[in-house]
Amino acid sequence: MDEKKNDRGFFGQPVGLRTLFLTEFWERFSYYGMRAILLYYMYYAVTKGGLGMNQVTAASVMSIYGSLVYMSSVIGGYISDRILGARKTVFWGGVLIMLGHIALSFPLGESGLFLSIGLITIGTGLLKPNVSEMVGGLYTDDDPRRDSGFSIYVMGINLGSLIAPQAVNSMWVHFNFHAGFSLAAIGMFIGLIVYWWDGKHLPETSLRAPDPISGSELKKFYTRIAYGVVALVIIVGIMAFANALTVDNFIVILSVLGIALPVGYFVMMLTSKKVTKVERSRVIAYIPLFIAAAIFWAIEEQGSVVLALFAAEQTQLHFANFSLSAPQFQMLNPFFIIIYSPIFAWLWLKLGKRQPSSPSKFWMGLVATAISYFVLMIPLVGLSPDGKVNPLWLVLSWGIIEIGEMLISPVGLSATTKLAPKAFSSQMMSMWFLADSAGQAANAQLVKLFQPGNPGNEMMFFGITGVVTLVVGVILAILVPKIKPLMKGVN
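Keep in mind it's a predicted model, so treat the numbers as computed, not measured.

Undergrad: Tell me about the overall build of the chain, and name the residues and values.
TA: A count of helices and strands for the chain gives 17 helices and two strands. Computed over C-alpha atoms, the radius of gyration of the chain comes to 22 Å, within 12% of the 23 Å expected from 2.2 N^0.38 for 491 residues, which places it in the range of a compact globule. Structurally, the chain occupies a C-alpha span of about 60 × 50 × 40 Å along its principal axes. By the burial criterion, 56% of the 491 residues in the chain qualify as buried. The contacts of the chain with a sequence gap of at least 6 include a subset with a gap of at least 24, amounting to 83%. Total accessible area computed for the chain in this model is approximately 20,300 Å², and 71% of it derives from carbon and sulfur atoms. Computed over 34 positive and 26 negative side-chain charges, the inter-centroid distance for the chain is 8 Å.

Undergrad: If you had to explain the layout of surface pockets to someone new, which residues and values would you point to?
TA: Volume-wise, the largest pocket comes out at about 2,000 Å³. Broken down by secondary-structure element, the contributors of at least two residues to the lining of the largest pocket are helix H3 (55–71), helix H4 (73–84), helix H6 (109–137), helix H9 (215–241) and helix H10 (247–271). Taken together, the residues of the lining of the largest pocket break down into 32 nonpolar, eight polar and six charged.

Undergrad: Hey, could you go over a nonpolar patch on the surface for me, with residue numbers and the actual values?
TA: A grouping of Leu99, Ile102, Phe106 and Leu108 is seen on the molecular surface, where their side chains present a nonpolar patch of about 340 Å² in accessible area. By the secondary structure assignment, Leu99 is in helix H5 (residues 86–104).

Undergrad: Can you lay out the nonpolar core for me, pointing to particular residues and giving the numbers?
TA: By size, the foremost hydrophobic cluster in this structure holds 118 residues, and its most contacted members are Leu38, Trp432 and Phe462. Examining the composition of this core, we find that 12 residues originate from one element, helix H2 (residues 16–43), more than from any other. With residues near it in sequence (within four places) discarded, Leu38 still touches Met62, Tyr65, Leu104, Leu113 and Phe181.

Undergrad: Outline empty space enclosed by the protein, supporting the account with residue identities and numerical values.
TA: Scanning the model with the defined rule gives two cavities of 30 Å³ or more in all. Roughly 410 Å³ of internal volume is contained in the largest cavity. Lining the largest cavity we find 29 residues, and of these Arg28, Tyr32, Tyr70, Trp297 and Glu405 sit closest to its centre. The set of elements that each furnish at least two residues to the lining of the largest cavity consists of H2, H6, helix H7 (146–174), helix H11 (277–300), helix H13 (332–351), helix H15 (391–419) and helix H16 (425–446). When residues in the lining of the largest cavity are grouped by element, the largest group, six residues, is from H7. For the lining of the largest cavity, the per-class residue count stands at 14 nonpolar, eight polar and seven charged. Its volume calculated, the second largest cavity comes out at about 50 Å³. Lining of the second largest cavity is provided by Ile299, Glu300, Gly303, Leu307, Ser372, Tyr373, Ser397, Trp398, Ile401 and Glu402.

The rules we used
Residues numbered from 1 in each chain as written. Predicted model: local features only at pLDDT ≥ 70, side-chain atom pairs only at ≥ 80, totals over all residues. Heavy atoms only, no water. Helix = DSSP H or I, 4+ residues; strand = E, 2+ residues; numbered from the N terminus. Rg over C-alpha atoms; globule rule 2.2 N^0.38 Å. Buried < 20%, exposed > 50% of the residue type's maximum accessible area, 1.4 Å probe, protein only. Contact = heavy atoms within 4.5 Å. Areas by Shrake-Rupley, 256 points an atom, 1.4 Å probe, with all protein chains shown as cover. Lys, Arg positive; Asp, Glu negative; His and termini not counted. Charge placed at Lys NZ, Arg CZ, Asp CG, Glu CD. 1 Å grid on protein atoms, 1.4 Å probe; cavity = no way out; pocket = protein on both sides within 12 Å on 5 of 7 lines; lining within 4 Å. Points joined across faces, edges and corners; volume = space filled by probe spheres on them. Nonpolar A, V, L, I, M, F, W, Y, C, P; charged D, E, K, R; others polar. Patch = residues over 30% accessible without salt bridge, like charges linked within 9 Å, V, L, I, M, F, W, Y side chains within 5 Å. Salt bridge = Lys/Arg side-chain N within 4 Å of Asp/Glu carboxyl O. Core = buried A, V, L, I, M, F, W, Y, C linked by side-chain atoms within 4.5 Å.

Don't take any of this as a statement about function, it's just geometry.
Here it is in structure tokens:
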């Protein structure tokens with residue numbers, strides 16, 4: 001324990017944080033670089049190098065892709081906890097992500113798109129929850145540097161996300177979409193090299209599965225996989241027989257799964273004999289935080305779908321002698337997080353034990369999130385269908401919602417590692433990512449209601465979404481006194 005507290009070789013934080021900081025920097029560079037142009041690749045005409053998809057379908061695919069990426073974290077958590085340990089699981093996840101970007105680098109049409117989605121979905125599921133879980137493993141439970149360390153880690157994620165849209169967009173503009181996707185593949189390759197080279201600073205415990213699977217359990221694991229594959233084949237077969245095997249219908253099924261999966265996971269943990277009474281109470285306390293996070297992520301992730309369409313169709317791209325491109329707006333999210341991260345890291349250290357509890361930070365984050373959408377309604381008042389919105393409104397909206405993210409994302413990561421039952425350490429981190437998955441699963445249906453270029457529809461979409469978020473934030477604020485005792489000493 002003392003050894004962890006004395007490890008201060010990376011800006012006062014454990015040296016292992018540097019390894020994980022850089023690994024996620026390059027992984028996020030590859031992922032968000034790809035996402036910056038993927039929506040446009042799907043709905044741009046074939047003559048412009050795209051796939052020529054319907055715009056609504058492309059937006060739904062974009063959302064359900066994000067949901068699947070975080071949904072697969074359940075698999076990554078299980079494999080880490082029961083079979084490989086966190087360190088190996090992260091490495092092989094990075095390999096699959098790189099291969100997924102390579103698939104998009106070739107002009108393979110829709111088959112290349114869906115192959116890439118499959119590889120990156122599984123790869124990110126293996127990598128992302130386990131990197132975050134290893135960050136938590138660098139600290140003792142009572143280390144006051146913990147939230148600050150997670151804030152620094154999140155800043156590393158967003159440095160990669162900041163550079164990527166501009167770099168990948170430039171490759172698209174000067175060459176083509178596939179050149180942009182190639183740059184994303186190179187980014188993940190660099191991340192793998194860094195992780196392998198600097199991995200000696202990571203906790204020794206990350207080399208071992210904390211709850212190794214027995215022979216009989218492994219047999220059950222393979223049996224469940226077989227059942228899952230058979231069920232998928234049956235569903236696809238029935239849909240094909242009924243002439244209902246369409247992308248839109250498949251997205252509906254995945255949307256339902258994205259919301260049902262975390263419900264099943266909570267039931268499993270709450271009924272497990274491996275979970276103690278104190279741990280069970282903490283899991284119950286985590287449920288309202290999970291719901292709040294799912295709502296937050298639903299809105300935050302609309303930045304690469306709804307706001308990406310808003311930027312392309314309803315925003316002035318020639319402004320004050322500058323020529324902008326729609327993918328460049330994806331830089332606003334990481335830009336503000338990088339600005340805010342050191343401020344919030346300093347603030348939590350300064351306040352120490354006087355800082356607000358995790359539930360309190362969550363409701364404050366939801367209020368900021370609601371305001372970010374109310375702001376977007378202002379320039380739409382009286383706007384004609386062919387009118388364009390000043391891009392500074394988008395800048396302001398992103399600037400506000402990222403305050404919400406700083407109150408929810410790093411705090412949620414930290415709270416998840418602290419509230420996790422010992423036997424489900426990595427899988428509990430998967431639950432955190434399932435909040436994002438559930439939010440994006442809902443988005444896959446919600447984005448169908450958004451009509452870019454229709455100011456009246458846009459105002460209603462932003463207004464209703466903001467009101468729902470604000471109401472949930474108020475309810476959570478009222479529940480804080482009841483949630484804190486359930487956390488059993490965890491703040």
